[in-house]
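A look at the structure
The chain contents come next:
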Amino acid sequence: MILVLNGPNLRRLGTREPDVYGAETFEDLAELCRDTGRKLGHHVEVRQTDDEAELIAWLHEAADGRIPVVLNPAAFTHYSYAVRDAIAQRTAPLVEVHISNPAAREEFRHNSVVAGVATGTIAGFGLQSYVLALQAIAEMTTTS
């Protein structure tokens, strides 16, 4: 299994700033992730929360279960040391993803407090960022 975890406001895909995040909905994203997982031979579970505590609980669940994670921390990327500390406890690959390229946006988005404890970061490829992250995790878990 691979968990695909999404932080605040991502349930609003399709209506939230479509010029930045595209016209696809969160359900489109979830189906893309599940379909990609099937093609890679993995079960993928997609979750979204606007609640920092819930996201941290999911990261603890992943660490305890040695479950790989694709994580879009959304706004938590830039300031949540609690999310960062939960990621630091990971026991399997964790890839940080972003639909847009934070480095090409407002200055406050340039800093990721979670990148330093993630296995890697993929950003700026729209929903394909998730596909690339799932492919990377599938490769890492097959060869490890």
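Residues numbered from 1 in each chain as written. Predicted model: local features only at pLDDT ≥ 70, side-chain atom pairs only at ≥ 80, totals over all residues. Heavy atoms only, no water.

1. As for the pairing of strand β1 (residues 2-6)
Selection rule: The rule is simple: take the accessible area with a 1.4 Å probe, protein chains only, and divide by the maximum for that residue type; under 20% is buried, over 50% is exposed, in between is partly exposed. Only DSSP runs of H or I covering at least 4 residues are called helices, and only runs of E covering at least 2 are called strands; the numbering of each starts at the N terminus. One requirement defines pairing of two strands: DSSP has to find at least two bridges between them.
When you tally the buried positions in β1, you get 5 out of 5 residues, the bulk of the element. Every second residue of β1 is oriented toward a common face, with Ile2, Val4 and Asn6 on one face and Leu3 and Leu5 on the other, all of them buried. Here 5 bridges tie β1 to strand β2 (residues 44-48), and the two strands are oriented parallel to one another. From the neighbouring strand, Leu3 faces β2, where its bridge partner is Glu45.

2. Overview of the pairing of strand β4 (residues 94-98)
Buried residues dominate β4, accounting for 5 of its 5 residues. Neither face of β4 is open: one carries Leu94, Glu96 and His98, the other Val95 and Val97, and all of them are buried. Where strand β3 (residues 69-72) lies against β4, 3 bridges are found, and the strand directions are parallel. Bridge pairing in β4 links Val69 to Leu94. Looking at chain direction, β4 and strand β5 (residues 120-123) are connected through 4 bridges and run parallel. Bridge assignment links Val97 to a residue of β5, and that residue is Ile122.

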